[in-house]
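Residue-level listing of the chains:
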Amino acid sequence: MLRNGVIVSYVPNLRLPLWSSSEEAKNMIVIGLPYADVLKISEEEFQFITAYIDLEKGTDYLYKEYGISLVFVTRGKQGCFYRIKDFTGSKEGIKVAAVVTTGAGDDFSWWSSLQDS
C-alpha cells in the first residue's frame, strides 16, 4: 500500500507483560496492520495475531485482509517463511555462534539482504 512514496515496515515485537491483557495487546497490534507494506513477525507472534498455525493460510489472510504485500515469519533455527503477494517460500536458517541476541530480530532484514549478494 505504498502511501506518500514510502514503504512502511512493521515489527510488532510482542511483549505480553507490557500489556494489561493479551486481548489488548492483540487489538493494538492489529491497528497497525493496514498501514504495513512489510511485516516481520516471529512464528509465535504470527500465531498470536492470526490464530493460524499454517503459514501459507495465515500469511494469505494477512495479505488479503490487510493488503500486506511482503510478510516475513521468522522461525528461529528453522529460518524464515515469506510471502510476497501470492508467492511464498522459505529460507533455511544459518548456524552462527551467537554472542548477544538483543536486537537480533532488528538485524534480520539487513543480514538476509547480504546473503543474497
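Preceding block: the structure.
All values reported here derive from a predicted model rather than from experimental measurement.

Trainee: Looking at this structure, I do not really get a nonpolar patch on the surface. What am I missing?
Mentor: Residues Val6, Val8, Met28, Ile31 and Tyr35 make up a contiguous nonpolar surface patch of about 460 Å² in total accessible area. Examined against the element boundaries, Val6 turns out to sit in the segment before strand E1 (9–10).

Trainee: Sorry if this is basic, but what is going on with the pattern of salt bridges here?
Mentor: Pairing is possible between side chains of opposite charge, provided their charged atoms come close. One pass over the full model with this rule turns up four salt bridges. Among the salt bridges present, the one from Arg75 reaches Glu43, with a minimum N-O distance of 3.3 Å. Here Arg75, found in the loop between strand E3 (70–74) and strand E4 (80–84), pairs with Glu43, found in helix H2 (residues 43–50); they are 32 residues apart in sequence, far enough to count as distant. Taking the relative accessible area as the measure of exposure, Glu43 reaches 16% and is therefore buried. Across the pair Arg83 and Asp60 runs a salt bridge whose closest N-O atoms are separated by 3.9 Å. One end of the pair, Arg83, is in strand E4; the other, Asp60, is in helix H3 (residues 55–66), and 23 residues separate them in sequence.

Trainee: Got a minute to help me understand the sheet that holds strand E2 (residues 38–42) in this structure?
Mentor: The strands that make up a sheet are held in pairs by hydrogen bonds between backbone atoms, and each pair lies either parallel or antiparallel. Read across the open sheet, the five strands follow the order E1-E2-E3-E4-E5; overall the sheet is mixed. The open sheet has two edge strands with one neighbour each: E1 and strand E5 (87–91). Pairing geometry for E4 and E5, over five bridges, is antiparallel. Directly across from Cys80, in E5, lies its bridge partner Lys91. Across the face of the sheet, H3 comes into contact with E2, E3, E4 and E5 while running at roughly 40° to E4.

The rules behind the values
Residues numbered from 1 in each chain as written. Predicted model: local features only at pLDDT ≥ 70, side-chain atom pairs only at ≥ 80, totals over all residues. Heavy atoms only, no water. Patch = residues over 30% accessible without salt bridge, like charges linked within 9 Å, V, L, I, M, F, W, Y side chains within 5 Å. Areas by Shrake-Rupley, 256 points an atom, 1.4 Å probe, with all protein chains shown as cover. Salt bridge = Lys/Arg side-chain N within 4 Å of Asp/Glu carboxyl O. Helix = DSSP H or I, 4+ residues; strand = E, 2+ residues; numbered from the N terminus. Buried < 20%, exposed > 50% of the residue type's maximum accessible area, 1.4 Å probe, protein only. Pairing = 2+ DSSP bridges. Contact = heavy atoms within 4.5 Å. Axes fitted to C-alpha atoms, helices over the stretch in contact; angles between N-to-C directions.

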